[in-house]
Amino acid sequence: MAEEADGRGDLPPTPGSELQAPHFLQDVIFHGKFKLLKALTPQESSLCQHGLFFLDGQRRVDYVLSYPSKKPSSGRSGRQATHLLTENAVARSLRRGPQSRERHIPQHQGQRAKEPSGVDVELGCPAETLNGHEDQKILRREEFEGKLRDMGLELEKDEETKISGVSFVKIHAPWNILCREAELMKLKMPTKKVYEVKQLRGVVEKISSLVSKVVEPLHPQVEEHQPKNIKHLSHTFSREKQHLFDLSDKDYFFDSKTRSSIVFEILKRTKCKAKYSMGITSLLGHGVYTAAYPLHDGDINEENAVPNDRKLLYEEWANYGVFYKYQPIGLVRKYFGEKIGLYFAWLGLYTQMLIPASLVGVIVFLYGCATVNDNIPSMEICNTMNNITMCPLCDRVCSYWELSSACATARASHLFDNPATVFFSIFMALWAAMFMEHWKRRQMRLNYEWDLTGFEDEEDHPRAEYELRVMQKSTSKDQKAQHKIKKLTCQDRLPAYMTNLVMMLLMIGVTFAIVFGVILYRISTKAALYMSANPVTRSNAQLTVKTTAAIINLVVILILDEVYGAVARWLTVLEVPKTDKSFEERLIFKTFILKFVNAFTPIIYIAFFRGRLVGRPGSYLYVFESYRMEECAHGGCLMELCIQLSITMLGKQLIQNNLFEIGVPKLKKLIRYIRSKQGAFQEEERQKKLQRYETDHFLEPFAGLTPEYMEMIIQFGFVTLFVASFPLAPLFALLNNIIEIRLDAKKFVTELRRPVAARAKDIGIWYNLLRGVANVAVIINAFVISFTSDFIPRMVYQYMYSPDGSMHGFVNNTLSYFNVSHFQQGKEPMDPLYLGHPVQMCRYKDYRDPPWSTTPYEISKEFWAVLAVRLAFVIVFQNVVMLMSDIVDWLIPDIPKDISLQIHKEKILLVDLFLKEEQGKAGNLERRSCVEGKENWSSSNNNNKHSSSTAAQPRSGLHTNSTNSL
């Protein structure tokens, strides 16, 4: 492609052309061809003006590198422009061969010799005394760029930028380089061959067409380049089989996403001779370059902007006004790559699957609201005629209280603790299994549509840090020179593994310690509120303590999430994984463990431990001999579990997922603008004057999909793990995700630099984490129903102890008696007449024998009966739900039938295509051999005639001579 450009006579000489720089300057200065200089001005070309092309307006910018530099405040001088042109001319000559190199280098050296000694060429300003570190960076940068040119890439520098202290290197990949790398990367590209996708027939086709007409307004207004029933046959790109592909427009055969990924692959594997320089990641880590990124396609806010995929995505995807529409997943994949496309496809499917879960959860909640007045236990608690006196909730400052005062709590608990919650737990377990199976089918369909059916993850290049560690090990004094070290062993990583283990346990211990601290806060605050002289404060002490403790837990969770994310990354760096994929998987696993424990430890404590380590009146369990362990209200701990779960879930979604995602990128972008010292310009004016690569420089770097997946996995845990206690969790998750999709879309399109497109056929380790959370959810919900709620005690009483088979008398059955004279010294209430009459016996919630029995205060038989039924329910519930999930997994095939048929059809068409190609080649060879045979036969005949005539001439001559002699 470069050779073609050289032959165009109508194009002016540019910094990237093959013309020599001195000739260019001679034409400008001595022959008055100032149009050549005008052609280099970016404002004259609309393509160059936006910074998407080189200065010649022909070559597309596929990648950009930025590095720090010092420049004078005024414009570039003529000498600097000459130096830039000469540098490019010499660099281009390096790729054309040794003769050209010998011809250009002396000119370049001669020109540099004429330059004033007081000017530093690299910095473009008067020479300053640089330290060795900066000189080393300059040398490594020059060497790396030379290697890139040797690899065939074309480079163009821009040191006259509007960003103070930043220069840019624009990279373009010519056609031959793209073809070479596409073949090495085994990219699948569409061929000329098209075929018709088999459509549904019969009743299914009619239903499908009807559904498509109904949901037509929900589809985004994205133009399809071809009908849905027509598909191009794809094949791995090969330079030998270029005739199979449609190469009529070579500039757009490889889209911008593919071009940037090809260039990034070259940047990753290009190594320098400098010490410990292994690709662009190493150079970025050492500060040789400050950033490396592909460019966005264009502007999105300008009315007269050229139509591009980014603007289309902004209008039809990254917009809150289209929240009700489907996502243009095909366009997302085309612009950002398969890996990001799969994330948004998974997020969209997860959000769709939350719709039926939300509907069922709302129905369960409404059932609780409808039956609250018919619930006999709550009616017995609210009945003031029962006159049940309860034991104090704390020592000394708390007094006796009437059970009827807990009426509101008991009625609210019924909203979440009713027979429908058991059904909802089973439903959500099956829902999780169906979601996983549905995603596998959706994933296979996307693999077929995106031509990833035969794609296999290839082994990544070793990370720069890994190669550096191997190099340091091989060059250490302790190693002998007989063999070369090629990898790190487990023994080398043993200190890192031990550090990981110790730090993970320490972080989990920190979480437990904070939960314990919140427990102490509950106990002490409750005692302080009960000492208040205000009766309103005393009556609302329980609710105040629950709410404030849940808010404290939320704040701690948000802070520790950020700390644990940084700790997990530091621990992963210590391990020095070999490849980027291994690094990402280890980081994800550590981060998930720490954040999962951080988010769910307070909830697990309330669900399974609170109220069970209390003791009994007269023999309570104390912490530090002064803090009495807290117990649940009579309505049970399920209500408090619901409060903690709702505050934590909603707080994380509103604050962490939404507020942080909106505010943090904008704050970082503002800091970059301030650091760039561009405050003299107004925002709009600066945006108009900046090139595309300068505008993208201010955007936030793409940090991977781990934070996006992580928040959704934690949310999936909230939806499935404790759904028995909070049926409205799917509804809140659905509302959050509707905003989350558009928020993430807007962040990717407007706030982040364009990420390098990465190929992937699945979501990787995240699927295994989802499967693990779904399996754990079955067990946890079984324990929540058995031990946290009153479902099992109610069933046991109704079918074993109730005299008439009803729930009348259930509350009295669950309360034990305590003689107030058996209080320990100093633990009795300070105001025993708080209720207006002396109390002889008080009640507390437990299954124990009364004080007048032969075994006072011992655990009764009812306790063991309830415990046995609880354990039996856990075993039965777990096995039944697991079996039903396996049945769902078995009934739903992983690959849709139509997709498997189309994949099989593609293989047959590929075989036919290659057979026809081979037959064509054989026919051409046969015809060629026939033609060559005829030519050989005719040439042999002519040779025979010629030889016979030449042989006859000497014989006749000999006869004449002999006659003459006679």
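For the structure, check the block above.
Parameters at a glance
Residues numbered from 1 in each chain as written. Predicted model: local features only at pLDDT ≥ 70, side-chain atom pairs only at ≥ 80, totals over all residues. Heavy atoms only, no water. Helix = DSSP H or I, 4+ residues; strand = E, 2+ residues; numbered from the N terminus. Buried < 20%, exposed > 50% of the residue type's maximum accessible area, 1.4 Å probe, protein only. Contact = heavy atoms within 4.5 Å. Disulfide = S-S within 2.5 Å. Patch = residues over 30% accessible without salt bridge, like charges linked within 9 Å, V, L, I, M, F, W, Y side chains within 5 Å. Areas by Shrake-Rupley, 256 points an atom, 1.4 Å probe, with all protein chains shown as cover. Salt bridge = Lys/Arg side-chain N within 4 Å of Asp/Glu carboxyl O. Axes fitted to C-alpha atoms, helices over the stretch in contact; angles between N-to-C directions. Parallel < 35°, antiparallel > 145°, perpendicular 65-115°, else oblique. Core = buried A, V, L, I, M, F, W, Y, C linked by side-chain atoms within 4.5 Å. Phe/Tyr/Trp six-rings, centres within 6.5 Å; stacked < 30°, edge-to-face > 60°. Lys NZ or Arg CZ within 6 Å of the ring centre and 35° of its normal. Expected span 1.5 Å × (residues − 1). Bend = angle between axes of the 7 residues up to and from the residue. Lys, Arg positive; Asp, Glu negative; His and termini not counted. Pairing = 2+ DSSP bridges. Left-handed = near helix turned anticlockwise from the far one by under 90°. Nonpolar A, V, L, I, M, F, W, Y, C, P; charged D, E, K, R; others polar.

Enquirer: Help me understand the overall build of the protein chain in this model?
Expert: When helices and strands are counted, the protein chain shows 32 helices and 16 strands. Every one of the 966 residues in the protein chain was classed for burial, and the buried ones make up 47%. Counted over contacts in the protein chain with a minimum sequence separation of 6, partners at least 24 positions apart contribute 78%.

Enquirer: Got a minute to help me understand the state of the cysteines in this structure?
Expert: Put plainly, two cysteines are in a disulfide when a covalent bond ties their sulfur atoms together. In the structure shown here, the tally under the stated rule is 3 disulfides. The disulfide partner of Cys382 is Cys407, and the S-S distance across this bridge is 1.8 Å. Sign of the S-S torsion, about 90° for the bond between Cys382 and Cys407, identifies this disulfide as right-handed. Taken together, the positions of Cys382 in helix α15 (residues 376–382) and Cys407 in helix α16 (residues 407–416) put the pair 25 residues apart, joining distant regions of the chain. Classification of Cys382 by relative accessible area gives partly exposed; the value is 22%.

Enquirer: What is the right way to look at a nonpolar patch on the surface in this model?
Expert: A grouping of Leu494, Met498, Leu501 and Leu505 is seen on the molecular surface, where their side chains present a nonpolar patch of about 400 Å² in accessible area. Tracing the backbone shows Leu501 in helix α19 (residues 490–530).

Enquirer: Looking at this model, I keep getting lost on the packing of helix α26 (residues 706–720) against helix α27 (residues 729–751). Mind explaining?
Expert: Two quantities define a packed helix pair, namely the angle between the axes and the distance from one axis to the other. In the contact formed by α26 and α27, the axes pass within 11 Å of each other and the chain directions differ by 170°. It follows from the interaxial angle that α26 and α27 lie roughly antiparallel. In contact with Glu708, Glu711, Met712, Gln715, Phe718 and Val719 of α26, α27 contributes Ala729, Pro730, Ala733, Asn736, Asn737, Glu740, Asp744 and Lys747.

Enquirer: Any chance you could explain the nonpolar core here in plain terms?
Expert: A general tendency of soluble globular proteins is for nonpolar side chains to be buried together. The biggest cluster of nonpolar side chains holds 109 residues, and the ones touching the most others in it are Trp346, Tyr350, Trp431 and Phe722. Ranked by the residues each element gives to this core, the list is headed by helix α14 (residues 338–371), at 15 residues. Aside from chain neighbours lying at most four places away, what touches Trp346 is Phe435, Trp439, Tyr709, Met712, Ile763 and Leu770. Counting residues in hydrophobic clusters, the runner-up holds 42 residues, among them Tyr63, Leu178, Met189 and Phe237.

Enquirer: Explain the pattern of salt bridges to me, please; I cannot follow it from the model alone.
Expert: It is possible for side chains bearing opposite charge to pair when their charged atoms get close. As enumerated under the stated definition, the model contains 34 salt bridges in all. Residue Glu154 pairs with Arg59 through a salt bridge whose shortest N-O separation is 2.6 Å. In this pair, Glu154 is assigned in strand β4 (residues 154–158) and Arg59 in the loop between α4 (46–49) and β1 (63–68), connecting sequence segments 95 residues apart. The partner of Asp417 in a salt bridge is Arg794, with the nearest N and O atoms 3.4 Å apart.

Enquirer: Got a minute to help me understand the packing of aromatic side chains in this structure?
Expert: Think of a pair of aromatic rings as described by two things: how far the centres are apart, and how the planes are tilted against each other in angle. Evaluated as defined, the whole model comprises 48 aromatic pairs. The ring centre of Tyr448 lies 5.0 Å from the NZ or CZ of Lys231, which sits over that ring. Taking the ring centre of Tyr817 as reference, the NZ or CZ of Arg843 above it sits at 3.8 Å.

Enquirer: Where do I start with the environment of Phe914 in this structure?
Expert: With respect to the helices and strands, the residue Phe914 is situated in helix α32 (residues 897–965). In the structure, Phe914 is positioned 670 residues away from Leu244 in sequence and 9.9 Å away in space, judged by C-alpha atoms. Among all residues touching Phe914, those that are not within four sequence positions of it are His235, Lys241 and Leu244.

Enquirer: Honestly, helix α22 (residues 580–608) in this entry has me stumped. Any pointers?
Expert: What sets the pattern is the α-helix's 3.6 residues per turn: residues three or four places apart point alike. Spanning 29 residues, α22 covers 40 Å between terminal C-alpha atoms, matching the ideal 42 Å at 1.5 Å per step. At Phe600, α22 shows its largest kink, close to 45°, and the proline Pro602 lies no more than four residues downstream.

Enquirer: Explain the side chain of Arg742 here, please?
Expert: Residue position: Arg742 is located in helix α27. Here Arg742 is buried and forms no salt bridge, its nearest opposite-charge partner Glu316 lying at an N-O distance of 8.0 Å. In this structure, Arg742 is in contact with Glu316, Trp317, Ala318, Asn319, Tyr320, Val322, Phe323, Lys325 and Tyr326, ignoring residues within four places of it in sequence.

Enquirer: Help me understand the sheet that holds strand β5 (residues 166–172) in this model?
Expert: Backbone-to-backbone hydrogen bonds pair the strands of a sheet. The strands run either parallel or antiparallel. The strand order β4-β5-β1-β8 describes an open sheet built from 4 strands, whose pairing is antiparallel. Strand pairing shows two members of the sheet lacking a second neighbour, β4 and β8 (291–293), which therefore form its edges. When strand polarity is set aside, the average angle formed by the axes of neighbouring strands in this sheet is 20°. One ladder, built from 5 bridges, connects β4 with β5; its direction is antiparallel. Each bridged residue has a counterpart across the sheet, and for Glu154 the counterpart in β5 is His172. Here helix α10 (residues 256–269) sits on the sheet in contact with β1 and β5, set at roughly 50° to β1.

Enquirer: Hey, could you run me through helix α31 (residues 861–891) in this one?
Expert: Taking 1.5 Å of rise per residue, 31 residues should cover 45 Å, and α31 covers 45 Å from first to last C-alpha, within 8% of that figure. Listed in full, the buried residues belonging to α31 are Ala865, Val866, Arg870, Phe873, Val874, Phe877, Val881, Ser885 and Val888. Those residues of α31 that are buried are in contact with α17 (419–449), α28 (765–788) and α29 (791–801).

Enquirer: What is the right way to look at the side chain of Thr648 in this model?
Expert: Relative to the helices and strands, Thr648 resides in helix α23 (residues 638–675). According to the relative accessible area criterion, Thr648 is buried, its value standing at 0%. Once residues within four sequence positions are removed from consideration, Thr648 is found in contact with Leu554, Ile557, Ala599 and Phe718.

Enquirer: What is the right way to read the packing of helix α13 (residues 329–336) against α14 from this model?
Expert: Interhelical geometry of α13 versus α14 gives an angle of 150° and a closest axis separation of 7 Å. Overall, the two elements α13 and α14 adopt an arrangement that is roughly antiparallel. In this structure, α13 meets α14 at a crossing whose hand is right-handed. Residues Ile329, Val332, Arg333 and Phe336 of α13 form the contact with α14, whose participating residues are Glu338, Ile340, Gly341, Phe344 and Ala345. Classifying every residue of the contact of α13 with α14 by side-chain character gives 6 nonpolar, 1 polar and 2 charged.

Enquirer: I would appreciate a short explanation of unusual backbone geometry in the present structure.
Expert: Peptide bonds are, in most cases, trans, and in most cases residues other than glycine have a negative phi. Backbone geometry places Lys186, a non-glycine residue, at a positive phi of 55°. With respect to the helices, strands and loops of the structure, Lys186 is situated in the loop between α8 (175–184) and β6 (188–196). Given a relative accessible area of 52%, Lys186 falls into the exposed group. A positive phi angle is found at Arg396, which is not glycine, with a value near 65°. Mapped onto the secondary structure, Arg396 falls in the loop between β9 (389–390) and β10 (401–402). Overall, the relative accessible area of 31% leaves Arg396 in the partly exposed class.

Enquirer: How should the pairing of β4 be read in this particular structure?
Expert: Both faces of the sheet carry side chains from a regular strand, because those side chains alternate between them. Most of β4 is tucked away, with 5 of its 5 residues classed as buried. Residues Glu154, Glu156 and Asp158 line one face of β4 and the alternating positions Leu155 and Lys157 line the opposite face, and both faces are buried.

These results come straight from atomic positions and should not be treated as a statement about function.
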